[in-house]
Amino acid sequence: MPIPVRPLGAQGLHASAQGLGCMGMSAFYGATNEGEALATIDRALELGVNFLDTADVYGPFTNEQLVGKAIRNRRDDVVLATKFGIVRAPNDPSGRAIDGSPEYVKRACDASLERLGVDHIDLYYQHRPDAQTPIEDTVGAMSELVMAGKVRYLGLSEAGPDTIRRAHNVHSITALQSEWSLWSRDIEVGVLEVARELGIGIVPYSPLGRGFLTGEIKSPDDLEDNDFRRVMQPRFQGDNFAKNMELVEQVKAMASEKGCTAGQLALAWVHAQGNDVFPIPGTKRVKWIEQNAAAFDISLNDEEKARLESVLSPDAVAGDRYTDMSWVRIETT
């Protein structure tokens, strides 16, 4: 059956309970194919997945253009989310900076609207906290976008409890997007509690562990040369890969018992965390959006959830989330 639509946050936004991360359609995960990407978005909408996630940094810029092309003439069928704040260096593909200054917020929003070909963004996130700009200043500028009708609801990404509270005091925050999966559970300590206290919806990105939890990646050599997981994701490298693969094999065995794939089981675990949780598994292929959507109908009992959490406990996963944490600006406390 189609993915249901639910309230996302407490401010009035409604979105499909599973979304679609569009990043890989344009960047970071090897070769791209616009035709397949557009077909994937078409199929997502057919399945009731109307919550599309992009960002200006993806490409950079080209992913917003792609999503804009996909939703042309059907804007009202889509809940459109994009992000600002990570700035890529023009002459260095790996160079990054964070900019949450009010001037940049407004400039970035106007540029995103133009690339997307829309007159408003449904959910606008600060992609990462900016250590150089008080969150009050950033969210103050974001609130002006709401008053101007350019943005409907505001979100944060990878923000810690204090940042979330301070931001919410300036303008209601509707959604928090952070990495959350069986092998990335940082937000369960502190962050999740504050978000729920304030009525903020949870939008987990990479709920399939950047594809690792699907069990489809058997070796680092399965990743294309230009796949960023090769160089920026320690969990996909060396001995870490082998250790994490042992964990995934146990998930695959449990999935076999359940009559589903490992990826579907891992995604079902995220869905089981509550009706305020809206995972956005990313894919660029039709077959995976169909498989991901089917995971919504898989229910887990308390024993099954406990088994999964025991196998993939935070201490069991080998390797950090990123090779270089200096620019990532992930707040967990």
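Throughout what follows, the structure given in this document is the object of discussion. Every value quoted in this text rests on a predicted model; they were computed, and no experiment measured them. (Residues numbered from 1 in each chain as written. Predicted model: local features only at pLDDT ≥ 70, side-chain atom pairs only at ≥ 80, totals over all residues. Heavy atoms only, no water.)

Summed over the entire model, instances satisfying the criterion amount to 0 disulfides. Free of any disulfide, Cys109 has its nearest cysteine sulfur in Cys22, 18 Å distant. (Disulfide = S-S within 2.5 Å.)

Right, let's talk about empty space enclosed by the protein for a bit. Tallied over the full model, the rule gives 1 cavity of 30 Å³ or more. Taken as a whole, the largest cavity spans an internal volume of roughly 30 Å³. In this structure, the largest cavity is lined by Glu179, Ser184, Arg210, Gln233, Arg235, Arg321 and Tyr322. When grouped by side-chain class, the residues that make up the lining of the largest cavity number 1 nonpolar, 2 polar and 4 charged. (1 Å grid on protein atoms, 1.4 Å probe; cavity = no way out; pocket = protein on both sides within 12 Å on 5 of 7 lines; lining within 4 Å. Points joined across faces, edges and corners; volume = space filled by probe spheres on them. Nonpolar A, V, L, I, M, F, W, Y, C, P; charged D, E, K, R; others polar.)

The buried fraction of strand β11 (residues 201-205) is high, at 5 of 5 residues. Where burial is concerned, the two faces of β11 agree: the one with Gly201, Val203 and Tyr205 and the one with Ile202 and Pro204 are both buried. Relative to β11, strand β10 (residues 175-179) runs parallel, the two being bridged by 5 bridges. Counted as the bridge partner of Ser178 is Pro204 from β11. For the crossover from β10 across helix α6 (residues 191-197) to β11, the handedness is right-handed. (Buried < 20%, exposed > 50% of the residue type's maximum accessible area, 1.4 Å probe, protein only. Helix = DSSP H or I, 4+ residues; strand = E, 2+ residues; numbered from the N terminus. Pairing = 2+ DSSP bridges. Right-handed = clockwise from strand over helix to strand, strands pointing away.)

This next bit is on helix α4 (residues 135-147). In this model α4 runs 18 Å from its N-terminal to its C-terminal C-alpha over 13 residues, within 8% of the 18 Å that 1.5 Å per residue would give. Regarding α4, the residues found buried are Ile135, Thr138, Val139, Gly140, Ala141, Met142, Ser143 and Leu145. Against the buried residues of α4 lie β5 (79-84), α3 (102-116), β8 (121-126), β9 (151-157) and α5 (161-170). Taken from the residues just after α4, Gly149 is the one with a positive phi, measuring 80°. (Expected span 1.5 Å × (residues − 1). Contact = heavy atoms within 4.5 Å.)

Let's shift gears to the sheet that holds β5. Remark on secondary structure: sheet strands pair via backbone hydrogen bonds, oriented parallel or antiparallel. What the 7 strands build is an open sheet, ordered β3-β4-β5-β8-β9-β10-β11; its pairing is parallel. In this open sheet, the two edge strands, each paired with only one partner strand, are β3 (20-21) and β11. The sheet contact formed by β3 and strand β4 (residues 51-53) spans 2 bridges and is parallel. Its bridge partner lying in β4, Gly21 is registered against Asp53.

Here we take up the nonpolar core. One broad trend across soluble globular proteins is that nonpolar side chains are buried collectively. Within the largest apolar cluster, 83 residues are counted, with the highest numbers of intra-cluster contacts made by Leu20 and Leu312. If we ignore the near neighbours within four places in the chain, the residues touching Leu312 are Leu182, Trp183, Arg185, Leu213, Leu247, Val251 and Val317. (Core = buried A, V, L, I, M, F, W, Y, C linked by side-chain atoms within 4.5 Å.)

Taken as a whole, helix α10 (residues 286-294) has its buried residues at Ile289, Asn292 and Ala293. What you see down the axis of α10 is that its buried residues fit within an arc of 100°, all on one side. Next to the buried residues of α10 lie β3, α1 (34-46) and α9 (262-271). (Arc of directions from axis to C-beta.)

Counting through the fold element by element, Ala108 comes out in helix α3. Residues Ala108 and His120, 12 residues apart in the sequence, show an inter-C-alpha distance of 13 Å. Beyond its immediate sequence surroundings of up to four residues, Ala108 is in contact with Asp56, Phe84 and Tyr124.

This structure, assessed with the given rule, holds 23 salt bridges. With its nearest N and O atoms 2.7 Å apart, the salt bridge here joins Glu144 to Lys106. Taken together, the residues span a long stretch of sequence, with Glu144 in helix α4 and Lys106 in helix α3 at a distance of 38 residues. Put simply, Lys150 and Asp110 hold a salt bridge, and the shortest N to O gap is 2.8 Å. Residue Lys150 is found in the loop between α4 and β9, and its partner Asp110 is found in helix α3; the two are separated by 40 residues along the sequence. Classification of Lys150 as partly exposed rests on a relative accessible area of 27%. A cluster of three or more residues bridged by salt bridges with shared partners is formed by Glu158, Glu179, Asp186, Arg210 and Arg321. (Salt bridge = Lys/Arg side-chain N within 4 Å of Asp/Glu carboxyl O.)

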